[in-house]
Amino acid sequence: MTVGPATSDPEPETAVLDGRPLSFVVEGPRDAPALVLVPGIPGTVRDFRYLAPLLTDAVRVVRVDLPGFGGSAPSRDAVATMRGRARAVLRLADHLGLRRFGVLGHSMGGGTAVALASRHRERVDLLALVCSVALRRHRGLGMPASAFRRGALGLRVPLVRRWLLPRVREAYRRRGFPGAETLTAPELAVQLRAIGAVDFREMRAWLAGPLPPTLVAYSRDDHMVETDISEELARALPRARVLAFAEGGHNLQKTRAAELAAALKDCLRAGTAAAEEGRARP
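Computed from a prediction, not measured in an experiment: that's the story for all the values here. (Residues numbered from 1 in each chain as written. Predicted model: local features only at pLDDT ≥ 70, side-chain atom pairs only at ≥ 80, totals over all residues. Heavy atoms only, no water.)

A look at the sheet that holds strand 7 (residues 214–219)
Then, in step 1: In spatial order, the strands read 1-2-4-3-5-6-7-8; together these eight strands make up an open sheet with mixed pairing. Sheet topology places strand 1 (13–17) and strand 8 (241–245) at the edges, where each strand pairs with a single neighbour. For this sheet, the mean angle separating the axes of adjacent strands, direction not counted, is 20 degrees.
Then, in step 2: Relative to strand 8, strand 7 is paired through five bridges, and the arrangement is parallel. Within strand 8, the residue paired with Ala-217 across the bridge is Leu-243.
Then, in step 3: Relative to the sheet, helix 8 (residues 227–236) contacts strand 6 (124–130), strand 7 and strand 8, its axis offset from that of strand 7 by approximately 165 degrees. (Pairing = 2+ DSSP bridges. Helix = DSSP H or I, 4+ residues; strand = E, 2+ residues; numbered from the N terminus. Axes fitted to C-alpha atoms, helices over the stretch in contact; angles between N-to-C directions. Contact = heavy atoms within 4.5 Å.)

Some thoughts on the state of the cysteines
Then, in step 1: Scanning the model with the defined rule gives zero disulfides in all.
Then, in step 2: Left without a disulfide partner, Cys-131 is nearest to the cysteine sulfur of Cys-267, which lies 16 Å away.
Then, in step 3: Residue Cys-131 is classed as buried on the basis of its relative accessible area of 0%. (Disulfide = S-S within 2.5 Å. Buried < 20%, exposed > 50% of the residue type's maximum accessible area, 1.4 Å probe, protein only.)

With respect to the pattern of salt bridges
Then, in step 1: Inspection of every chain in the model, using the stated rule, returns 16 salt bridges.
Then, in step 2: With a closest N to O distance of 2.8 Å, Arg-87 and Asp-77 form a salt bridge. Placement of the pair is Arg-87 in helix 2 (residues 82–95) and Asp-77 in helix 1 (residues 76–80), with a sequence separation of ten residues.
Then, in step 3: On the accessibility criterion, Arg-87 (29% relative accessible area) is partly exposed.
Then, in step 4: By relative accessible area, which is 33% here, Asp-77 ends up partly exposed. (Salt bridge = Lys/Arg side-chain N within 4 Å of Asp/Glu carboxyl O.)

Thoughts on the packing of aromatic side chains
Then, in step 1: In total, this model carries one aromatic pair according to the counting rule given.
Then, in step 2: With a centroid separation of 5.4 Å and 85 degrees between ring planes, the pair formed by Tyr-172 and Phe-177 is classed as edge-to-face.
Then, in step 3: What makes Tyr-172 buried here is its relative accessible area of 4%. (Phe/Tyr/Trp six-rings, centres within 6.5 Å; stacked < 30°, edge-to-face > 60°.)

Thoughts on the side chain of Lys-265
Then, in step 1: Residue placement: Lys-265 occurs in helix 10 (residues 257–280).
Then, in step 2: Residue Lys-265 is classed as buried on the basis of its relative accessible area of 15%.
Then, in step 3: A distance of 2.7 Å separates polar atoms of two side chains, one belonging to Lys-265 and the other to Asp-57.
Then, in step 4: Those residues in contact with Lys-265 that lie beyond four places of it in its chain are Leu-54, Leu-55, Asp-57, Ala-58 and Val-59. (Polar contact = N/O pair within 3.5 Å; in protein donor to acceptor, adjacent residues only side chain to side chain.)

Looking at the pairing of strand 1
Sheet faces and side chains relate simply in a regular strand, where the side chains alternate between the two faces.
Then, in step 1: In this sheet, strand 2 (residues 20–27) lies alongside strand 1 in antiparallel orientation, the contact comprising five bridges. Paired with Ala-15 across the strands is Leu-22, a residue of strand 2.
Then, in step 2: Two successive antiparallel strands, strand 1 and strand 2, enclose a turn made up of two residues, where Asp-18 displays a positive phi of approximately 55 degrees.

Brief notes about unusual backbone geometry
Then, in step 1: At the junction of Ile-41 and Pro-42, the peptide bond is cis and its omega measures out at -5 degrees in the coordinates.
Then, in step 2: Examined against the element boundaries, Pro-42 turns out to sit in the loop between strand 3 (34–38) and strand 4 (60–64).
Then, in step 3: Non-glycine residue Asp-18 carries a positive phi angle of around 55 degrees.
Then, in step 4: Here Asp-18 lies in the loop between strand 1 and strand 2.
Then, in step 5: Phi angles above zero are rare outside glycine, and Cys-131 is one such case at about 50 degrees.
Then, in step 6: Note that Cys-131 resides in the loop between strand 6 and helix 4 (145–154).

Examining the environment of Glu-181
Then, in step 1: Relative to the helices and strands, Glu-181 is located in the loop between helix 5 (158–175) and helix 6 (185–195).
Then, in step 2: Glu-181 sits 42 residues away from Arg-139 along the chain, and the two C-alpha atoms are 23 Å apart.
Then, in step 3: The contacts of Glu-181, once residues within four sequence positions are left out, are Arg-169 and Arg-173.
Then, in step 4: In terms of polar contacts, Glu-181 uses its side chain to reach the side chain of Arg-173, at 2.5 Å.

Focus on helix 6
Residues spaced three or four apart along an α-helix face the same direction, because each turn holds 3.6 residues.
Then, in step 1: Counting buried positions over the eleven residues of helix 6 gives eight, a clear majority of the element.
Then, in step 2: Listing the buried residues of helix 6 in full gives Ala-185, Leu-188, Ala-189, Val-190, Gln-191, Leu-192, Ala-194 and Ile-195.

Regarding the environment of Leu-116
Then, in step 1: With respect to the helices and strands, Leu-116 occurs in helix 3 (residues 109–119).
Then, in step 2: The exposure class assigned to Leu-116 is buried, which follows from its relative accessible area of 0%.
Then, in step 3: Separated by 95 residues in sequence, Leu-116 and Leu-211 have C-alpha atoms that sit 9.9 Å apart.
Then, in step 4: Other than its neighbours up to four places away in sequence, Leu-116 contacts Ala-86, Val-89, Leu-90, Phe-101, Val-103, Arg-121 and Val-124.

Structure, rendered in structure tokens:
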């Protein structure tokens, strides 16, 4: 019998933050360096079930359901903007007592991670971008962000919804996204609006500013994000550590979990040592 890789898939906890439930998973030693894992869209804490068990011997791993996904209730600010999603993640860090931490963003979650690391540099020791949204539109988006926002509005109009809903479900099926048959029109509208929140002007500005030590990981056979998009992201971060895989697809947190976990541990150790050295200086 073939035994697959170990996974970690505990039942999420829920905290009420800013009056709305936010679901999350925490694993690993309480006194270890913390790393917050932010999924793409649509995505949940389960997206990291292969990566988490490879980290928890030395890392306090926090997985979060962004507002509007998994067990987290939507909020207007966090659905409509990357800054709002970054604030939601920061509220969770505050709730858990994380004074400093690293943040990893996968796919569209990379926008949240970059916003958080750029706007709260004093809190973030490491930024990790895995198959991430970057400086311009990638093929996985398929349309400008404004088209997703219009689609979200259309799903709220009965006559438009009748025509649009089957097409959205087909797009989800084609991309292998969960919930193609079960998500309701209002739930899909939230997801489309969240996708439409990507703002490449903000991304370019944040990436050009001061950032913590950064890890960029991508695969050349990613069907969602073209190689040149990821290479452009790496060039924009010349001091970043880069993991470029020939194979691995869009979900490196599963297919290349061992290599990714080893690199993350190295980066967190280096970041912790640098922070302690900085605090020790007079």
